[in-house]
Amino acid sequence: MGRKAAYLKDVLLWAVLGLPALWAGLTNILADRYTWPEVIAGLATIGVAVALARPRPLGAMLVTAALWAGSVAVRSDPTVFFPALAVTSYLAGVRMARARPALLGLSAAAVVAAAAVPFVRWLLAAQWDLGAWFFAVTGIALFGLVPWLAGHARHQSLALTRAGWERAGHLERERRMVAEQARLRERTTIAREMHDLLGHDLSLVALRIGALEVDAGLPESRRRAASEAREAVTAAAERLRDIVAVLRDGDDPGQEHEGLENEDTVHEDTTHPPGESVGELVRRATAAGMPVTLYGAQEEARIPAPALATVRRVVREGLTNAAKHAPGAPVTVRLAHAQGETVVTVANAAPHRPGRGVTGGHGLRALAERVRLRGGSLESGPADGGFTLTVRLPHSVPPPVPPPVPPRTASRPVELDLALARRRVRRTRLAAALVCLGAAGGVAAFVLGFTVYEAVTSVLPPAEFAKLRIGQAESEVAAVLPARTRIDDPSWPEPPIPPGARCRYYSTSPEPFGDLTLYRLCFAGGRLVAKAFLPS
């Protein structure tokens, strides 16, 4: 909301809240109770409260509570100011996040009103008026506390609605992240399969064609064709490397770890792992022209199934690297089945030539991660003038770590979260309505009880009224008077009051809800100067 719009709304609110007092001043409906200076002071106080309603809602509510208590203390009809108290209390409930300051503030206002209003009434009328005390405290409870509770319920409703939408947005972002992670895992899996399978096959094809290219028994045209074919395979391998790099773009170790783990769980825990055996891998490489020697071929049958797929991947990766980086060099593959572990060694007799492999170095890194997940270790590097890859795999394979599970709430539909938020809002509204009804019922019961008490304790028996004589001392009259007056002044016409006299009004009957008839006693100079019967 713009600042100008906020100012306009505040001015409109001030005009609406001040309209009852302004109307009373213009029409003279309350001319015997409120003067124009009092109306102007009330309008100014309402303006202060409206100005504080946004930055200091609690202060605005307390200002209008003080206005209410002051109007009760000065005049007998403060109804022109109760809309200001009710509206500012409601706005304070809507705009305040915490309930404790408001409840403490209203309690303090009620305590101050209970102490100050009777005292002011005593200063103005020379008598203690418990009715004014009750009116002030009840007004703060009825027009302050109940609207504030309604406003606070609205505040909670809005807060819960915002929280529901924020939660829905958060869950939607989580789902997008999960989908993106699944997409990256799939890309990583595709890249790994392309490296393991196509990279290996392309290396063997290039090796076969290279053998034809240097075969002296072939005509020059055939050797030239073989050279072109080898260059085409090499170019295809380079394009494959670029594709693998694109597929791995954005990949991180955690994602690769998860993808490897998932694949191992799917493939390597089976009784018969898929893929070529170690002997078949060696035979294919030999047929392609690679001098490969296999030792311990019989040990493959003794390798536990969970580790066998990893063993085959180690051999395939070692042969692929040898074909790419040390073509023509003798290669030795050795399987050793020791107590509790299997050792796989792939070694070639020539050092690797510098250059990039099909996947730009991702092969050994992925293989090392796979071996680590199986509880083993991988060592690779120059050895004895060549290059050696050694992997140790324990037979007791640790259980794979399950992939991270999204939070429970992340799998819950957004619609369900919104439904839960709406139910909480409805429960909050119901609780607030019940509190408001309870407060209103309590106030009504208290008002009813106080009305009965006021009627019973303000009765002047007709016989006692008849005995009173004009000129009798006020002290003698006070001995037969009830503990309290019925009202401060009647709202209907009455006989003229003697000049300088103070009048008191007593009920003629204890009936609280029937027609109100009064006895009026006027005192001046310490004596009774007038007595009258006032029918309703």
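Heads up: the structure comes first, above all this text.
Read on for a plain summary of the structure. Owing to the predicted nature of the structure, the values given are computational and were not obtained by experimental measurement. (Residues numbered from 1 in each chain as written. Predicted model: local features only at pLDDT ≥ 70, side-chain atom pairs only at ≥ 80, totals over all residues. Heavy atoms only, no water.)

### Remarks on the environment of K9
Its place among the elements puts K9 in helix α1 (residues 3-27). For the pair K9 and V50, spaced 41 residues apart in the sequence, the C-alpha separation amounts to 9.9 Å. (Helix = DSSP H or I, 4+ residues; strand = E, 2+ residues; numbered from the N terminus.)

### Topic: the sheet that holds strand β5 (residues 386-394)
Taken in spatial order, the five strands line up as β1-β2-β3-β5-β4 in an open sheet, and their pairing is mixed. In this open sheet, the two strands that pair with only one neighbour each are β1 (292-295) and β4 (377-383). When strand polarity is set aside, the average angle formed by the axes of neighbouring strands in this sheet is 10°. Bridge analysis of strand β3 (residues 341-348) against β5 gives eight bridges, and the strand direction is antiparallel. Paired with T345 across the bridge in β5 is T390. Its contacts with the sheet place helix α9 (residues 278-287) against β1 and β2 (331-338), and it is angled at close to 160° to β1. (Pairing = 2+ DSSP bridges. Axes fitted to C-alpha atoms, helices over the stretch in contact; angles between N-to-C directions. Contact = heavy atoms within 4.5 Å.)

### Remarks on helix α4 (residues 82-95)
Here α4 is 14 residues long and its end C-alpha atoms lie 20 Å apart, about the 20 Å a rise of 1.5 Å per residue gives. Burial in α4 covers these residues: A84, L85, A86, T88, S89, L91, A92, G93 and V94. (Expected span 1.5 Å × (residues − 1). Buried < 20%, exposed > 50% of the residue type's maximum accessible area, 1.4 Å probe, protein only.)

### Let's talk about the nonpolar core
With 28 residues, the main nonpolar core has M290, V292, L319, V331 and V333 as its most contacted residues. Looking at this core, the elements that each hand over two or more residues are α6 (130-213), α9, α10 (305-325), β2, β3, α11 (362-373) and β5. Not counting residues up to four positions away in its chain, the partners in contact with V333 are V278, V282, V292, T293, L294, Y295, V315, L319, T345 and V346. (Core = buried A, V, L, I, M, F, W, Y, C linked by side-chain atoms within 4.5 Å.)

### Points about the packing of aromatic side chains
One pass over the structure, following the stated rule, counts four aromatic pairs. Both rings, one in Y519 and one in F533, keep their centres 5.9 Å apart while their planes meet at 55°; by these two values the pair is tilted. In this pair, Y519 is assigned in strand β7 (residues 518-524) and F533 in strand β8 (residues 527-534), connecting sequence segments 14 residues apart. Among the residues examined, Y519 registers a relative accessible area of 8% and is labelled buried. The class for F533 is partly exposed, based on a relative accessible area of 45%. Of the aromatic side chains, those joined through ring pairs into one cluster are W68, F82 and F143. (Phe/Tyr/Trp six-rings, centres within 6.5 Å; stacked < 30°, edge-to-face > 60°.)

### Considerations on helix α2 (residues 36-52)
If you check α2, its first and last C-alpha atoms are 24 Å apart, about what 17 residues at 1.5 Å a residue would give, namely 24 Å. Looking at α2, one finds that the buried residues are V39, G42, L43, I46, A49 and V50. Burial along α2 is one-sided: seen end-on, the buried residues are contained in an arc of 120°. Residues of α2 that are exposed and angled more than 90 degrees away from the buried face: P37, I40 and A51. (Arc of directions from axis to C-beta.)

### Some remarks on the state of the cysteines
A covalent bond bridging the sulfur atoms of two cysteines is what the word disulfide describes. Taken as a whole and judged by the stated rule, the model has one disulfide. The disulfide partner of C503 is C522, and the S-S distance across this bridge is 2.0 Å. Between C503 and C522, the S-S torsion sits near 95°, and that sign places the bridge as right-handed. Pair noted here: C503 is in strand β6 (residues 502-507) and C522 is in strand β7, with a separation of 19 residues, a long-range link. Exposure remark for C503: the relative accessible area of 17% places this residue in the buried category. Given the relative accessible area of 0%, C522 is considered buried. (Disulfide = S-S within 2.5 Å.)

### Regarding the side chain of T508
As for its position among the elements, T508 is in the loop between β6 and β7. Polar contacts involving the side chain of T508 include one to the side chain of T517, which spans 2.3 Å. Once residues lying within four places of it in the same chain are set aside, the contact partners of T508 are V459, L460, P462, T517, L518, Y519 and F533. (Polar contact = N/O pair within 3.5 Å; in protein donor to acceptor, adjacent residues only side chain to side chain.)

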